[in-house]
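Fold and geometry: a report
If you want the building blocks of each chain, they are given just below.
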Amino acid sequence: MQLISDWKQAFSRATVVVFPNYVLPMMYSTLDFGNYFVIPGSPSEAWEANILTSSRNVHELRVEKGYASEDFIIAIVGSQFTYTGSLLEDALILKALVPLFAAFPSDSSTHSHMKIVILNGNSTIMFKNSLEDIALNLGYPKGSVEQIIIDKDESSFLSMADIVVYGSFLEEQSFPPILIKAMCLGKPVIAPDLLMIRKYVNDRVNGYLFPKENIGLLTETLFQVISGGKLSRSAQNIALVGKENATNLMVSEAIEGYASLLENVLQLPSEISSPKAVAEIPEHMKDWQWILFKDLTDLKYMNGTSNGYRILDKLEEQWYRIHMDNSSNSTKIIDQVFSPADWEEEKLIEMENMMRRLAEEELKDRTDQPRGTWEDVYKSTKKADRAKNELHERDDRELERTGQPLCIYEPYFGEGAWPFLHNISLYRGIGLSTKGRRQSADDIDASSRLPLLNDPYYQHVLGEYGAFFAIANRIDRIHKNAWIGFQSWRVSAMKVSLSKKAESLLLDSVQARKHGDALYFWARMDKDKRNTLQHDFWSFCDAINSGNCRFAVSEALRRMYNIKHDIDSLPPMPADGDSWSVMHSWVLPSKSFLEFVMFSRMFVDALDSQMYDEHHRSGYCYLSLTKDRQCYSRVLELLVNVWAYHSARRMVYVNPETGAMLEQHKFKSRRGHMWVRWFSFATLKSMDEDLAEEYDSDNPNRRWLWPSTGEVFWQGLYERERNMRQQEREKRKKQSREKIQRIKNRTHQKAIGKYVKPPPEEGDSNTTVTVISQ
């Protein structure tokens, strides 16, 4: 039971357990946690048949198994599943083979050169005896019908056979692997016309079929296959065609199965290109890549399955021996320490404790629980929140991050990017999807900071660019460092991320402000695998955007700056021998980053307004030749270069290995090319405030992306909020004055009279009551 428990634990850890056939899931049903997946189709049968054919002589195998060279062997194979009707099916096949004995010469009436071998996995004595009785009743000579138990090595028996007959009438979900192996060995295959078999075997083309309802046609087929006690010429040709077809049988099913598996299991990052449909795979590529097997000539691979089983047996035996030794030793030690009386006393104590716990749980359910008011609940909740905040313990990476000048964020989408992310204080992950976030990591949930990223459309269209908007939205709440950086997981995947030495030198440089307000980058365009032709900036952008990058950027800038005249609105990016940044891997001062995001929000809004309708409706945009969920994310990948160049920022390349820094596009070479007026902070801030005032005052009803990409803030909000606060104060003062006036103006009822007690008179016993009216 402990061994089974360990196997269950191993199977439950797997996201998916993939099997090559439908028999293994039934064998391992005890360990099924709902994560089984079957992908039929494998080159193993063809490879094993090829090794067996090239390594062993069929004549030697026959002699080894006790067959003569002139014997004609018919192998009857069946389903991998064991069921009650298999004996009846074998009896029907044997009955159809009886007339063939007349076509074979025999030494005597009790011996024939036709041998029938039944290959199955039923090893019971009852099945064997029943099979022998059926053969004797049908008139078979003794010894002409033999049952062989398949023990993971049916290939040797199939290679000796002249004909292979599939004797199972059970409809299955995939083509029987044993038939694939027989066809790969060059054997004529005769099978019933079952749905799964008829899908791959064409009658009298690469095999023979007979209707399962008319078993008599099997006899006629066999007479066509056998001529003069040997295989006919047509049967040999059909066997050759079957061998050629079986070599690459079910390749399409295997490709579709693994494509479906990867599509449903892996959460691929949004910025990668979508995989093509399986139907688009060319026909010449739907073959096993046999060229990869040409160097595997060692015969030890011939029987890999049985070797694997033997290895498992040894591992289980070793596990059992170790655990049993440990358990026996521990049992002996415990028995030596505790006496039987101690064990009995311990058992009684445990029983009493268990009964007391059960009684307490039952009483707890029946006890009236005190219920407070909503105000009490609110107070207790606030108190718990305050206690939680007070007891919040910051981990080491969070503490180190607050004391360093730079924090580099690594955007990712899905679990596929996890292995390429860093786990040190200099880096911090930002998940673009809540479902694909790392567990127990100090990562930022971008969708909670920017609700726009909850929309799957903009998750994919913006890609890693959505992380810029999410960080910049109320940045003081999460980012408190003087410098900010980003590094794409693709940079780590391509092994061009910053080394320890480069990180240290970069930190020293930004802390000392060696280059001032600069853009540091380490993934350069001329080293990019997409730029093998060493294009200039705009040519490279066109190359990765179906030739329409210049047009898209030009139109976006026209809309952004509201340019009415027909002038060239494409900012120049001259080829001066230096390189540019790619793949969102750069570092900026935090203040400059906010300025870049302010520019980016307006540019992305303009880009979205010209592409959204067509792309959202059909999935196509003119920046890609096919349906592309990312659409303009490749244009945004290069946008930081346009902003940095024309806003007069220094651009410094950092060698990711050595940390050596080299300034690119020096100011002397930029003279006459920069559009500083268009990219200055004053211009961008004025445009940003105009958009914020329009949204805040007019509240337009049109679909507008800009307000959803960050904060809506303009200078007039100060005055509006000050006026609102002043109005609230005046209102409160007025209400206070009115309340005081109401108190003063209250009417009071006058007193009717007052009793005045007169002084007592001497000698007069009578008293006089006087009422004084006022």
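So, a few notes on the structure that sits alongside this text. No experiment lies behind these values; they were computed from the predicted model shown.

To continue, consider the packing of helix H24 (residues 590–618) against helix H26 (residues 639–646). Running from N to C, H24 and H26 cross one another at 120°; their axes reach a closest spacing of 11 Å. In terms of orientation, H24 lies oblique with respect to H26. Considering how the two elements wind past one another, H24 and H26 form a crossing that is right-handed. Counting all contacts with H24, which are made through Ser-592, Glu-595, Phe-596, Phe-599, Ser-600 and Phe-603, the residues of H26 involved are Leu-639, Val-640 and Trp-643.

Formed by 98 residues in total, the largest nonpolar core has its most connected members in Met-560, Trp-586, Phe-593 and Phe-603. Setting aside anything within four residues of it in sequence, one finds Phe-593 in contact with Phe-468, Ile-471, Ala-472, Ile-475, Ile-484, Phe-486, Trp-586 and Leu-588. Ala-49, Ile-180, Val-189 and Met-196 belong to the second largest nonpolar core, which has 36 residues in total.

Here the focus is the packing of helix H19 (residues 465–472) against H24. The interhelical angle for the contact between H19 and H24, taken along N-to-C directions, is 125°, at an axis separation of 10 Å. One way to sum up the angle between H19 and H24 is to call them oblique. H19 and H24 meet at a crossing whose hand is left-handed. Taken together, the residues of H24 that come into contact with H19 (itself represented by Tyr-465, Phe-468, Phe-469, Ile-471 and Ala-472) are Phe-593, Leu-594, Phe-596, Val-597, Ser-600, Arg-601 and Val-604. Class assignment of the residues belonging to the contact of H19 with H24 gives a composition of 10 nonpolar, one polar and one charged.

Moving on: the packing of aromatic side chains. All chains considered together, the criterion is met by 35 aromatic pairs. Between the aromatic rings of Tyr-465 and Phe-596, the centroid separation amounts to 6.3 Å while the plane-to-plane angle is 70°, which identifies the pairing as edge-to-face. Taken together, the positions of Tyr-465 in helix H19 and Phe-596 in helix H24 put the pair 131 residues apart, joining distant regions of the chain. Judged by relative accessible area, Phe-596 falls into the buried class, the value being 0%. The rings of Tyr-409, Tyr-465, Phe-468, Phe-469, Phe-486, Trp-586, Phe-593, Phe-596 and Trp-643 are connected pair by pair, giving a single aromatic cluster. The ring of Trp-704 has Arg-702 lying over it, and the distance from NZ or CZ to the ring centre is 4.4 Å. We note Arg-703 situated over the ring of Tyr-612; from NZ or CZ to the ring centre the distance is 3.5 Å.

About the criteria used
- Residues numbered from 1 in each chain as written.
- Predicted model: local features only at pLDDT ≥ 70, side-chain atom pairs only at ≥ 80, totals over all residues.
- Heavy atoms only, no water.
- Axes fitted to C-alpha atoms, helices over the stretch in contact; angles between N-to-C directions.
- Helix = DSSP H or I, 4+ residues; strand = E, 2+ residues; numbered from the N terminus.
- Parallel < 35°, antiparallel > 145°, perpendicular 65-115°, else oblique.
- Left-handed = near helix turned anticlockwise from the far one by under 90°.
- Contact = heavy atoms within 4.5 Å.
- Core = buried A, V, L, I, M, F, W, Y, C linked by side-chain atoms within 4.5 Å.
- Buried < 20%, exposed > 50% of the residue type's maximum accessible area, 1.4 Å probe, protein only.
- Nonpolar A, V, L, I, M, F, W, Y, C, P; charged D, E, K, R; others polar.
- Phe/Tyr/Trp six-rings, centres within 6.5 Å; stacked < 30°, edge-to-face > 60°.
- Lys NZ or Arg CZ within 6 Å of the ring centre and 35° of its normal.

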